[in-house]
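The primary structure of each chain is shown beneath.
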Amino acid sequence: MVNRCKKCNVPLEGLGYKIIARPLFGVRPGKNKNVCNKCENKTRGKK
Ligand SMILES: [Zn+2]
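Residues numbered from 1 in each chain as written. Predicted model: local features only at pLDDT ≥ 70, side-chain atom pairs only at ≥ 80, totals over all residues. Heavy atoms only, no water.

(A) How the structure looks around the overall build of the chain. When its secondary structure is counted, the chain shows two helices and zero strands. Taking all 47 residues of the chain together, the buried fraction comes to 26%. As presented, the chain carries roughly 3,800 Å² of accessible surface, and 55% of it is formed by carbon and sulfur atoms. (Helix = DSSP H or I, 4+ residues; strand = E, 2+ residues; numbered from the N terminus. Buried < 20%, exposed > 50% of the residue type's maximum accessible area, 1.4 Å probe, protein only. Areas by Shrake-Rupley, 256 points an atom, 1.4 Å probe, with all protein chains shown as cover.)

(B) Summary view of the coordination of the zinc ion. Only C5 (SG), C8 (SG), C36 (SG) and C39 (SG) from the protein reach the zinc ion as donors, at distances of 2.3 Å. Coordination at the zinc ion is tetrahedral: its four donor atoms span angles of 103 to 116 degrees at the metal. Donor residues for the zinc ion, ordered by position in the chain, follow C-x2-C-x27-C-x2-C. In this pair, C5 sits in the segment before α1 (15–25) while C36 sits in the loop between α1 and α2 (37–45), placing the two residues 31 residues apart along the sequence. Each member of the pair, C5 as well as C36, is classed as buried. (Donors = N, O, S within 2.8 Å, 3.2 Å for Na, K, Ca; no water. Tetrahedral: all angles 85-135°; square planar, octahedral: opposite > 155°, others 65-115°.)

(C) Seen up close, the environment of N32. Tracing the backbone through its elements, the reader meets N32 in the loop between α1 and α2. Each C-alpha atom, one on N32 and one on C5, is 9.6 Å from the other, the two residues being 27 residues apart in sequence.

(D) Geometry of the environment of V35. Tracing the chain through its elements places V35 in the loop between α1 and α2. Given the relative accessible area of 11%, V35 is considered buried. It is 16 Å that separates the C-alpha atoms of V35 and I20, two residues lying 15 residues apart in sequence. With near-sequence residues (within four places) excluded, V35 lies in contact with C5, K6, K7, L12, P29, G30 and E40. (Contact = heavy atoms within 4.5 Å.)

Structure follows, in structure tokens:
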């Protein structure tokens, strides 16, 4: 099963990641592999 961001459900590996998420949205896996870098930044911005 493909690892996906738990918040926005974007694929973090596999074809969906390589051909869609990374080139089109600039998404990469965050430090926490359960979420992408974008959601990780949002979470970090919250107080
Ligand atoms: Zn995300």
